[in-house]
Amino acid sequence: MVEPTSKKRKTKIDDHQHDHDLEKAVAEPESNGSAATAVGAKFMSNIVTDDLLLEILIRLPDCRSILQCSSVCKSWFSVISYRQYFIRTKFIDHYQHKPQFLPCTLMVKYNYISTIDKKPFYKLFSEQSKILHGKSSSFTSGYLSILPSPSPSVITRGSSKDLLLFSSSITEYYVCNPLTNQWLPLPKTPPNSTIRCGIVCDPKSTSVNTMYRVVLIYADISLANQFKVSMNIFCSKTGQWNTSTLLLPLNPLILWRSSVGWHRRAVASNGILYWLCGNNRESEGIVAFDPFKSTDCSKRFCLIPFPIGFRRGWRGQDSNLCIGVVQGRLRLSQIYRGIKRVLGFVLRIWELVNCDYDNDDASWLLVHDVTLTEVKANKMFVAAFHPVNGDVIFLFHDLDVCQYHIREDTVEIVEEFSKLNDCGYLDAISLVHPLWPTTIPSLPSI
């Protein structure tokens, strides 16, 4: 139940000594010896009542500003700590219906071929995300230092909202919120080879009470002829993995075939996991899976066909494709080098506007169809979609990370990995930070 408006300051005689002691403690000079700070703290605690403070806090631009206010004085620290659930709920209610761009972060990792997964994560902050993280630089390294294993040795397995899924071995998985430095080790899994994986938050849950599922699809060739797959699904509510065998409405072998490693992890949106699937020459479509449907439901998987205008053949190879989510909607990109009289790279982006999961039918909208003529590169791939701005995408320009403003037709290099003296490849994954950071629930007692 939502907590009512804060109570007025205590006026009972029995509580007078408590208030006097608190004010006396606040009036004492801080550890830095600043008498002015103590005087200012006493003034703020006397003039700004709890009710007024709460009204001010819920109108601040971001949660970081709210939490920083707790260091103003002991009184404010007490109010913010004690009333955090109320503040968080009211803050979300105040802003959730107002149009805005949520903060987002692009995580990039450069993997050396000779020493794979030995380099740190880099992060590209949007302007709102820089403020949220308290960073002055947009692109920095050393992300995820809070993980139990060194960040260069972990592998990104998926993301949903501001949560990340990592693995440090074939049996060890972690869920992490990089903003709050909160991480949770999941129970160990069987030592099976994983061909597809992902994490997705329950769309019915909130950042205050988050429920999520982690999905692992195993490589079991003995089930392929039966159109079945072996899966392991972790439920945050029960804190347990559930192993099952599910029937697919398509050939399971398309889940095996992918020449691009990041296609093996899912894109999450509105409680659904999506994977690009196909063979090495040409992708077949996008596989959607709903892990929140009951286990006896026969329609948890479906195959979404590619849109009209999608180019087949060598232009449909999975290395030329990328899927992502922009403001909650699934998008598909196709990029390839132009031929004959078309110079540069052709880029097409579609948005999924309707999907009938029961009949494997979908309708797409072509939102961008452009040719990058001024960009000179041997290779170019779509790294990730900007999760909140549909007119911006991130590109891998050879071994550099670029930000492409489609309508303005401008390309900005944000980091140059091509200066590194080794052969390698880039990997990217994006996060969207909600109004209040998502809390990772502890494992329930079994």
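Residues numbered from 1 in each chain as written. Predicted model: local features only at pLDDT ≥ 70, side-chain atom pairs only at ≥ 80, totals over all residues. Heavy atoms only, no water.

- As annotated in an unreviewed UniProt entry, the protein chain is F-box domain containing protein from Trema orientale.

**Structural notes on the sheet that holds strand β22 (residues 400-405)**
- As summarised here, the arrangement of the four strands in space is β20-β21-β22-β23, forming an open sheet in which the pairing is antiparallel. Each edge of the sheet is formed by a strand with only one pairing partner; in this case those strands are β20 (380-385) and β23 (410-416). Going from strand to strand, the sheet's axes swing by 30° on average, the running direction of each strand aside.
- Here β22 runs beside β23; their pairing, made up of six bridges, is antiparallel. In the strand pairing of β23, Gln403 is matched with Glu412. (Pairing = 2+ DSSP bridges. Helix = DSSP H or I, 4+ residues; strand = E, 2+ residues; numbered from the N terminus. Axes fitted to C-alpha atoms, helices over the stretch in contact; angles between N-to-C directions.)

**Some thoughts on the packing of helix α3 (residues 50-57) against helix α5 (residues 74-82)**
- Between α3 and α5, the shortest axis-to-axis distance is 11 Å and the interhelical angle comes to 65°. The orientation of α3 relative to α5 falls into the category roughly perpendicular. Read as a crossing pair, α3 and α5 show a hand that is right-handed. Between α3, through Asp50, Leu53, Leu54 and Leu57, and α5, the contact on the second element is made entirely by Trp76, Val79 and Ile80.
- For the contact of α3 with α5, the residue count by class is six nonpolar, no polar and one charged. (Parallel < 35°, antiparallel > 145°, perpendicular 65-115°, else oblique. Left-handed = near helix turned anticlockwise from the far one by under 90°. Contact = heavy atoms within 4.5 Å. Nonpolar A, V, L, I, M, F, W, Y, C, P; charged D, E, K, R; others polar.)

**Observations regarding the pairing of strand β5 (residues 163-167)**
- Most of β5 is tucked away: five of the five residues are buried.
- Here β5 shows two buried faces, one formed by Leu163, Leu165 and Ser167 and the other by Leu164 and Phe166.
- Pairing of strand β4 (residues 155-160) with β5, which is carried by five bridges, proceeds in the antiparallel orientation. Each bridged residue has a counterpart across the sheet, and for Thr156 the counterpart in β5 is Phe166.
- In sequence, β4 turns back onto β5 through a hairpin of two residues, with Lys161 there showing a positive phi of about 60°.
- Judged from the four bridges that link them, β5 and strand β6 (residues 173-177) form a sheet pairing that is antiparallel. Paired with Ser167 across the two strands is Tyr173, which belongs to β6.
- The hairpin turn running from β5 into β6, its antiparallel successor, is five residues long. (Buried < 20%, exposed > 50% of the residue type's maximum accessible area, 1.4 Å probe, protein only.)

**Overview of α5**
- Within the sequence span of α5, burial applies to Ser75, Trp76, Val79 and Ile80. Take α5 and look down its axis: the buried residues cluster within an arc of 125°, on one side only. (Arc of directions from axis to C-beta.)

**Things to note about the pattern of salt bridges**
- By the definition in use, this model includes six salt bridges.
- Across the salt bridge formed by Lys188 and Glu172, the nearest N and O atoms sit 3.7 Å from each other. Here Lys188 is found in the loop between β7 (182-185) and β8 (194-201), whereas its partner Glu172 is found in the loop between β5 and β6, with 16 residues between them in sequence.
- The exposed category is assigned to Lys188, whose relative accessible area is 59%.
- Given a relative accessible area of 25%, Glu172 falls into the partly exposed group.
- Between Arg331 and Glu351 there is a salt bridge, with its nearest N and O atoms 2.9 Å apart. (Salt bridge = Lys/Arg side-chain N within 4 Å of Asp/Glu carboxyl O.)

**A look at the sheet that holds strand β17 (residues 329-337)**
- Strand order across the open sheet formed by four strands is β16-β17-β18-β19, with antiparallel pairing between neighbours. This sheet does not close on itself; its edge strands, each paired only once, are β16 (321-326) and β19 (361-372). Taking each pair of neighbouring strands and ignoring which way they run, the sheet shows an average axis angle of 25°.
- Sheet topology places strand β18 (residues 345-356) next to β19; eleven bridges connect them, and they run antiparallel.

**Regarding the side chain of Thr156**
- Looking at where Thr156 falls in the secondary structure, it is placed in strand β4.
- By relative accessible area, Thr156 is classed as buried at 9%.
- A polar atom in the side chain of Thr156 sits 2.8 Å from the side chain of Arg265. (Polar contact = N/O pair within 3.5 Å; in protein donor to acceptor, adjacent residues only side chain to side chain.)

**Let's talk about the nonpolar core**
- Of all hydrophobic cores here, the largest spans 21 residues; its most connected members are Leu57 and Ile66.
- Within the residue set of this core, elements represented by two or more residues are α3, α4 (63-68), α5 and α6 (84-95).
- Take this core: its biggest share by element is five residues, from α6.
- Apart from the residues lying within four places of it in its own chain, the contact partners of Leu57 are Ile66, Cys69, Ile80, Ile87 and Phe91.
- Listed in part, the 19 residues of the second largest apolar core include Ile286, Leu321, Val325 and Leu352. (Core = buried A, V, L, I, M, F, W, Y, C linked by side-chain atoms within 4.5 Å.)

**Focus on the environment of Cys402**
- Turning to its location among the elements, Cys402 is positioned in strand β22.
- Among the residues examined, Cys402 registers a relative accessible area of 1% and is labelled buried.
- Cys402 sits eleven residues away from Ile413 along the chain, and the two C-alpha atoms are 4.2 Å apart.
- Discounting residues that sit within four places of it in the chain, Cys402 has contacts with Ile393, Phe394, Leu395, His397, Val411, Glu412, Ile413 and Val414.

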